[in-house]
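Next come the chains, spelled out residue by residue.
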Amino acid sequence: MLTKTESNFKKIVSLLLAVCMITVALTQTTAAASAGNKLDEAVTKIVDKQVKSKDSAKKKLKKLFTYVQKEYDYGRKTGFEAYDGWEKDYALEMFEDKKGSCYHYAAAYAFLAKKATGYSVRIGVGQTDGFSGNLQKHAWAEVKIGGKWYICDPNMDKYAADCSNKYCLKKRNNLKNTYDKFKNTTYYEAAF
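Parameters and conventions
Residues numbered from 1 in each chain as written. Predicted model: local features only at pLDDT ≥ 70, side-chain atom pairs only at ≥ 80, totals over all residues. Heavy atoms only, no water. Helix = DSSP H or I, 4+ residues; strand = E, 2+ residues; numbered from the N terminus. Buried < 20%, exposed > 50% of the residue type's maximum accessible area, 1.4 Å probe, protein only. Areas by Shrake-Rupley, 256 points an atom, 1.4 Å probe, with all protein chains shown as cover. Expected span 1.5 Å × (residues − 1). 1 Å grid on protein atoms, 1.4 Å probe; cavity = no way out; pocket = protein on both sides within 12 Å on 5 of 7 lines; lining within 4 Å. Points joined across faces, edges and corners; volume = space filled by probe spheres on them. Pairing = 2+ DSSP bridges. Lys, Arg positive; Asp, Glu negative; His and termini not counted. Salt bridge = Lys/Arg side-chain N within 4 Å of Asp/Glu carboxyl O. Contact = heavy atoms within 4.5 Å. Axes fitted to C-alpha atoms, helices over the stretch in contact; angles between N-to-C directions. Core = buried A, V, L, I, M, F, W, Y, C linked by side-chain atoms within 4.5 Å. Phe/Tyr/Trp six-rings, centres within 6.5 Å; stacked < 30°, edge-to-face > 60°. Parallel < 35°, antiparallel > 145°, perpendicular 65-115°, else oblique. Left-handed = near helix turned anticlockwise from the far one by under 90°. Nonpolar A, V, L, I, M, F, W, Y, C, P; charged D, E, K, R; others polar.

Draft legend 1. Summary view of the overall build of the chain. Across its full length, the chain carries five helices and seven strands. For the chain, the sequential pattern of α-helices and β-strands runs α-α-β-α-β-α-β-β-β-α-β-β. For the chain, with 192 residues in total, the buried portion stands at 39%. With the model as given, the accessible surface of the chain reaches about 11,300 Å², and the carbon-plus-sulfur share is 51%.

This is the structure we're talking about:
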């Protein structure tokens with residue numbers, strides 16, 4: 001049986017733990033909101049500079065595809081970690097560092113496409129054999145147009161052999177052999 005002092009001590013410790021947990025949760029929420037605002041600002045600036053309001057959605061998507069290919073380089077980052085909000089962090093890293101992995105390319109393009117068109121856009125994380133013929137981990141963007149998903153993979157298009165526009169707005173089903181037939185793909189929505 002606990003003494004009154006021990007019981008009070010236990011209550012104080014419990015209260016302090018609760019306060020710490022709430023503080024951490026509020027800090028993470030504030031950081032995520034700040035990252036979201038920063039991403040929205042970066043994406044809006046790029047979209048406003050790269051596309052015209054009179055451009056068709058397809059033209060906007062193609063212009064942004066070309067922009068991502070030309071403006072950003074590949075830079076291997078250590079590993080990939082899927083955590084809540086990774087796609088926003090990776091897109092921001094790409095815009096700031098001007099280089100990144102396939103995950104960065106996919107996230108950057110996905111948010112640009114979403115902002116420019118308002119279409120449903122997602123990031124596929126799975127495997128491909130498009131670079132070397134052997135399966136390897138990879139990420140790409142997909143845009144939903146007229147009820148169908150289209151692959152937009154500026155990283156693959158830039159670095160795989162003989163690929164000029166092979167991976168720009170191509171029906172997902174037409175490329176399922178390249179993307180491991182989508183068996184083990186996880187999708188993340190591009191949402192601000």
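Draft legend 2. Up close: helix H2 (residues 57–71). Across its 15 residues, H2 extends 21 Å between first and last C-alpha, which sits within 8% of the 21 Å expected from 1.5 Å per residue. Looking only at H2, the buried set comprises Lys60, Leu61, Leu64, Phe65, Tyr67, Val68 and Gln69.

Draft legend 3. The layout of surface pockets, seen in detail. Approximately 290 Å³ is the volume attributed to the largest pocket. Along its surface, the largest pocket is lined by 16 residues, and Tyr74, Arg76, Cys102, Gln136 and Lys137 are the ones closest to its centre. Elements with a contribution of two residues or more to the lining of the largest pocket: helix H4 (102–117), strand E4 (136–145) and helix H5 (154–159).

Draft legend 4. Structural view of the pairing of strand E5 (residues 148–152). Among the five residues in E5, four count as buried, and that is most of the element. When E4 meets E5, the two strands line up antiparallel, connected through five bridges. Note on E5: the bridge partner recorded for Lys144 is Trp149. Adjacent in sequence and paired antiparallel, E4 and E5 are bridged by two residues, among which Gly146 carries a positive phi angle near 55°.

Draft legend 5. Seen up close, the side chain of Lys60. Relative to the helices and strands, Lys60 is located in helix H2. No salt bridge forms around the buried Lys60; measuring N to O, its nearest opposite-charge neighbour Asp55 is 6.8 Å away. Apart from residues lying up to four places away in sequence, Lys60 is in contact with Val51, Lys52, Ser53, Asp55 and Ala116.

Draft legend 6. Focus on the sheet that holds strand E6 (residues 168–171). Across the sheet, which stays open at both edges, the five strands sit in the order E6-E5-E4-E3-E7 with antiparallel pairing between neighbours. Looking at the sheet topology across the chains shown, the edges are occupied by E6 and strand E7 (186–189). Going across the sheet, the axis of each strand differs from the next one's by a mean of 35°, ignoring polarity. In this sheet, E6 lies alongside E5 in antiparallel orientation, the contact comprising three bridges. Within E6, the position partnered with Cys152 by the bridge is Cys168. Seen against the sheet, H2 touches E4, E5 and E6 and runs at an angle of roughly 120° to E6. Contacts from H4 reach strand E3 (121–128), E4 and E5 within the one sheet, and its direction differs from that of E4 by about 10°.

Draft legend 7. Up close: the nonpolar core. Counting 40 residues, the largest nonpolar core has Tyr72, Phe95, Tyr109, Leu112 and Ile123 as the members making the most contacts within it. Those elements that provide at least two residues to this core are helix H1 (4–50), H2, helix H3 (86–97), H4, E3, E4, E5 and E6. At 12 residues, H4 tops the list of elements feeding residues into this core. Apart from the residues lying within four places of it in its own chain, the contact partners of Ile123 are Trp86, Glu87, Ala106, Ala107, Ala110, Ala139, Trp140, Ala141, Thr186, Tyr187 and Tyr188.

Draft legend 8. Inspection of the packing of aromatic side chains at higher detail. Inspection of the entire model under this criterion finds 13 aromatic pairs. On the basis of an interplanar angle of 85° and a centroid distance of 4.8 Å, the ring pair of Phe80 and Trp86 is categorised as edge-to-face. Ring geometry for Phe80 and Tyr90: centres 5.8 Å apart, planes at 80°, overall edge-to-face. Taken together, the positions of Phe80 in the loop between strand E1 (73–74) and H3 and Tyr90 in helix H3 put the pair 10 residues apart, joining distant regions of the chain.

Draft legend 9. Just the packing of H2 against H4, in detail. Across the interface, H2 lies against H4 with an axial gap of 10 Å and an inter-helix angle of 150°. Taken together, H2 and H4 sit at an angle that is classed as roughly antiparallel. Here H2 and H4 pass one another in a crossing that is right-handed. On the side of H2, the interface is formed by Ala57, Lys60, Leu61, Leu64, Phe65, Tyr67 and Val68, while H4 contributes Tyr105, Tyr109, Leu112, Ala113, Ala116 and Thr117. Its residues assigned to classes, the contact of H2 with H4 comprises 11 nonpolar, one polar and one charged.

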